[in-house]
Amino acid sequence: MRHIISILLENEAGALSRVAGLFSARGYNIESLTVAPTEDPSLSRMTLVTRGSDQIIEQITKQLNKLIEVVKLIDLVEGEHVERELMLIKVVAATAEDRNEVKRLVDIFRGNIVDVTTTTYTIELTGTGDKLEGFMAALADVKILETVRSGVSGILRGEKSLHI
């Protein structure tokens, strides 16, 4: 099962390395990892996506909680949450027909064309992983030159929040 673990940790050198090391030492895979400072400059928020049974995730969260830098964590899939991912994708759009088709798809998926050259478009798209995968599938007849994805960012819905 897919889990999104959101972690508040002290914003200090080596904290990210210790969390990643915990996963690699136990043979667990991190599918996605994002980290950035929070509204409190002494704390960072890390969001990671992994897969595993409930027992494995419980073991992971117990091990994470033992790390001195970890202040608090939560598995977002245990409650209602919002998740988004950013994708930048560069495609070949050399002909007028290609350009029109790409523009149409970008509009349908509510994306933005953020860079244009004589032969390429760079597109920005945000949404769930399924939406991004759907967009890439819709581009089946268009040559994709490059794809960059940010990884999942997530937050609990409503009044609940991850804070100290």
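Look up a bit, the structure's there.
Residues numbered from 1 in each chain as written. Predicted model: local features only at pLDDT ≥ 70, side-chain atom pairs only at ≥ 80, totals over all residues. Heavy atoms only, no water.

So, about the pattern of salt bridges. Throughout the structure, instances matching the rule amount to nine salt bridges. Salt-bridge contacts for R2 lead to E83; the nearest nitrogen and oxygen are separated by 2.7 Å. Of this pair, R2 sits in strand β1 (residues 2–10) while E83 is found in strand β5 (residues 81–92), placing the two residues 81 residues apart along the sequence. The partly exposed category is assigned to R2, whose relative accessible area is 26%. In this structure, E80 and R157 form a salt bridge, with 3.9 Å as the shortest nitrogen-oxygen distance. Of this pair, E80 sits in the loop between β4 (70–75) and β5 while R157 sits in the segment after β9 (153–156), and the two are 77 residues apart along the sequence. Relative accessible area serves as the criterion here: at 48%, R157 is assigned to the partly exposed category. (Salt bridge = Lys/Arg side-chain N within 4 Å of Asp/Glu carboxyl O. Helix = DSSP H or I, 4+ residues; strand = E, 2+ residues; numbered from the N terminus. Buried < 20%, exposed > 50% of the residue type's maximum accessible area, 1.4 Å probe, protein only.)

Relative to the helices and strands, S6 resides in strand β1. Given the relative accessible area of 0%, S6 is considered buried. Engagement of the side chain of S6 in a polar contact is seen with the side chain of R45, the distance being 2.9 Å. Beyond its immediate sequence surroundings of up to four residues, S6 is in contact with R45, M46, T47, K72, L73, I74, L76 and L162. (Polar contact = N/O pair within 3.5 Å; in protein donor to acceptor, adjacent residues only side chain to side chain. Contact = heavy atoms within 4.5 Å.)

Let us look at a nonpolar patch on the surface. On the surface, a cluster of nonpolar side chains totalling about 290 Å² of accessible area is made up of L86, L88, V114 and V148. By secondary structure assignment, the location of L88 is in strand β5. Using a relative accessible area of 34% as the deciding quantity, one classes L88 as partly exposed. (Patch = residues over 30% accessible without salt bridge, like charges linked within 9 Å, V, L, I, M, F, W, Y side chains within 5 Å. Areas by Shrake-Rupley, 256 points an atom, 1.4 Å probe, with all protein chains shown as cover.)

Next up on the list: the packing of aromatic side chains. Taken as a whole, this structure holds two aromatic pairs when the rule is applied. Where F23 meets Y28, the ring centres are 6.5 Å apart and the plane angle is 75 degrees; that geometry is what we call edge-to-face. For the residue pair F23 and Y28, the accessibility class agrees, reading buried in each case. Note on F109 and F135: the rings are 5.2 Å apart at their centroids and 75 degrees apart in plane angle, and the pair reads as edge-to-face. (Phe/Tyr/Trp six-rings, centres within 6.5 Å; stacked < 30°, edge-to-face > 60°.)

On to the environment of E146, then. Position of E146 among the secondary structure elements: in strand β8 (residues 144–149). Along the chain, E146 and V92 lie 54 residues apart, while their C-alpha atoms are 9.9 Å from each other. Dropping the residues within four chain positions of it, E146 is found in contact with L88, I89 and K90.

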